[in-house]
Amino acid sequence: MSVFHSSFENNDLHAYLPGDIMIGGLFPIHLQTNRTISPGPVSCENQVMIYTIQEINQHTPRLLPNLTLGYNIYDTCGDVSLAIRAALQLLKNQSDPQRCLIPASINSSLPEPETKVVIGERFSEMSIAVARILALSSVTQISYASTSEQLSIKYKFPTFLRTVSSDKHQTKAIYELVKNFSWQSVAIVGSTDEYGKYGTDSLKQLFHENNVCVDFVEILPDTFNKNCSTARNLIEKINSSKAEVIIVFTKEANVRIILEGVIEKHFNRTWIASDTWSISGISEITGIESIGPVFGFIYRQKKVPGFQDYVTSMFNGTTNGILSYYQAFTNNSKDDMKCNCENKTSNLTCLYCYTDQDESYNIYLAVHVIAEGLRSLLNCSNQSSTSCKSCEKYQYSPKANRSTCENKAEEFLEWSDPFSIILTTVAGFAIIVTVVIATIIGINCGTPIVKAIGGCLCFVEVASLLLSFCITFTFIGRPTENSCLGIPLFGISFSFCISCILANLIQILVGFSFDPRVGSKIKRLNHPVAVVIIISGVQIGISLAWLIVLPHSPVEESKTTTILYHCDMSEPSKKFFAATVVYNSFWGLVCFIFAFKGRQLPDIYKNASLITVSMVLFLIIWIVFLPIFLTLKGKYKPAISSAAILISCLSILGCHLAPKCYIMLFRKEINNQNAISEYIRKHYERKNLPVIS
């Protein structure tokens, strides 16, 4: 049996039903604070909460076994002060410590209130005020109609939730409507309350960002009324405005004053209605059809299952205190209760006629959200109470069975992973090819073509490539202290490779460039061993500093259900890594410039042209790879490193060394000094330059 209280002296209209879990309710049952006069239609939304709680308590099978929901509902009259007073009243009563949801071992600075959650308020301005109070005791608030964007700021309103979307979506829809009709200028009417203020600000920003002209913005004060100068001035401003559409983003009471003034002045405009008045009683104003077309936004409507029958039953003998209160003002006349409902919806009582279908379903949804949350909490408590224990470091408790612990899965790039199989296959093939190339070069060591690719330095180049291919295996499998040395070692090995190529390019330019100015400058650099030692020496210094200052050791990153094993790549390590990549890429760019410059020289073996291609590939790979590596997380991060190294080294092996081996094996006729001299002679004859035999 519900217990209802109605006190006309202190303006407290109150509905109460005891239960194991108490749900508070804050509703503007009246839209005025003075109830000593005729109250007008009573808002029916509070009855949805009562109906839904009764439905849950009586449901078979029980949604909440051995637990009943109670309610404690107050009428706020659409007034901030009364809403605050009601919220404080809900927090005043303290629950029995044995029924408290907070464990007795936890000391709370504020005693836990009997009310565990509050449904309401309707208006954003009141929800903001109430949310600040309820947050002090960590009481959850679920609003069914407050749409202000400010309420989405979690650090300000940590316990606030809602079953309606914020004004962010509505203002976006209003802009899309303006865009759809190609309106170039608008006027905005808002108000100082939270709903009007933040909605207006959001619209102004959207229109500014999309180059829509805002003719004027009018913010209505709290004292706005029919007889104030603000109202008269606003009507004149709307009448004289050049705006193609007037957007009114404020509460219904303000809209009614504005539209009545427009009707009185006998002019019409195009209007856009926000959700507060698009389906309100505004349509009943006499002469409303003369104001012009109105575009309104409403949320998708959905009826509360069984609620209409429940409300109708109230007039067939079932009643409650709030309904009795309304009957007291209508002389208990059932006909008066039906007050023109036939003009709205046939065969429905007046109480149901004045029910906002959107808000009603949102209230219904809020109660069910609370019930489902309690059900999940009870299930979890029942499971945990039997054998509750903390899981070990490398374990977790699955959601399906919180009373057990399972080992976290180890996560790293395994050898059996398809990506690993591809990488190892390619690396193994590359190692075999490199060994074959080294053997061919060794057999043809004294021939002109070996001298053309650097002579003895080509063996250093081959060795560095072989080491780089071997390093790719260190990125697969569970990381160890040794395998984590892969990237620093690659930096060293590749610097040897790139320095050998640069030394070779300098030799080519010195040998074939006949420009005295260019030749003299390049000759100063024609010290192959010195070039290799200096360039690779700097990289050795960077890598050693990296390994000494920040040892590259494996780390464990514990996640919810897995443990990720990877080599430490902290922010300082990322700087050393970036320095390694940038340094080698710089010398790769230098090689590209030298190779590009030497493309037109009479080189029978096309060294410069082929090196140009390999350097372009190398630079593209590392430009793409570096940002991916620094941002990517997970077990495939080492695979990306391995793939980048493989492609870089294969580009050099395939473009610089492999074509020379082809000549050594299948084009032996050009692997002699006479062939080189003849090629040079023909090259300069084509350019009509004298050649000395």
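Residues numbered from 1 in each chain as written. Predicted model: local features only at pLDDT ≥ 70, side-chain atom pairs only at ≥ 80, totals over all residues. Heavy atoms only, no water.

Undergrad: Talk me through the pairing of strand β16 (residues 554-558); I want residue IDs and the actual numbers.
TA: Note: β16 against strand β17 (residues 562-567), 5 bridges, orientation antiparallel. Along β17, the bridge assignment pairs E556 with Y565. The hairpin turn running from β16 into β17, its antiparallel successor, is 3 residues long. (Pairing = 2+ DSSP bridges. Helix = DSSP H or I, 4+ residues; strand = E, 2+ residues; numbered from the N terminus.)

Undergrad: Can you lay out the pairing of strand β3 (residues 21-27) for me, pointing to particular residues and giving the numbers?
TA: For β3, the buried fraction is high: 7 of the 7 residues fall into the buried class. Sheet topology places β3 next to strand β4 (residues 69-75); 7 bridges connect them, and they run parallel. Following the sheet pairing, G25 is matched in β4 by I73. Sheet topology note: the β3/strand β5 (residues 115-119) ladder contains 4 bridges and is parallel. Its bridge partner lying in β5, M22 is registered against T115. (Buried < 20%, exposed > 50% of the residue type's maximum accessible area, 1.4 Å probe, protein only.)

Undergrad: Residues and numbers for the packing of aromatic side chains, please.
TA: Across all of its chains, the model carries 20 aromatic pairs by this definition. Seen in terms of ring centroids, Y583 and W587 are 6.4 Å apart; in terms of plane orientation they differ by 75°. Their pairing is edge-to-face. Here Y583 and its partner W587 are both found in helix α19 (residues 571-597), 4 residues apart, which amounts to about one turn of the helix. Every member of this aromatic cluster is reached through a ring pair, and the members are F490, F494, F577, F618, W622 and F625. (Phe/Tyr/Trp six-rings, centres within 6.5 Å; stacked < 30°, edge-to-face > 60°.)

Undergrad: How would you explain the confidence of the model for the chain if you had to name every residue and give the values?
TA: Across the chain, the average pLDDT comes to 79, with 79% of residues at or above 70. For residues 35-41, every residue scores under 50 in pLDDT, and the model assigns this stretch 19 contacts once sequence neighbours within four places are set aside. (pLDDT = per-residue confidence, 0-100. Contact = heavy atoms within 4.5 Å.)

Undergrad: Summarise the sheet that holds strand β9 (residues 213-220); cite the residues concerned and give the values.
TA: Taken in spatial order, the 5 strands of this open sheet run β9-β8-β10-β11-β12, and their pairing is parallel. Lying at the two open borders of the sheet, with one neighbouring strand each, are β9 and β12 (294-296). Averaged over all neighbouring strand pairs, the angle between strand axes comes to 20°, with direction disregarded. Relative to β12, strand β11 (residues 271-273) runs parallel, the two being bridged by 3 bridges. The residue bridging I272 from the neighbouring strand is F295, located in β12. (Axes fitted to C-alpha atoms, helices over the stretch in contact; angles between N-to-C directions.)

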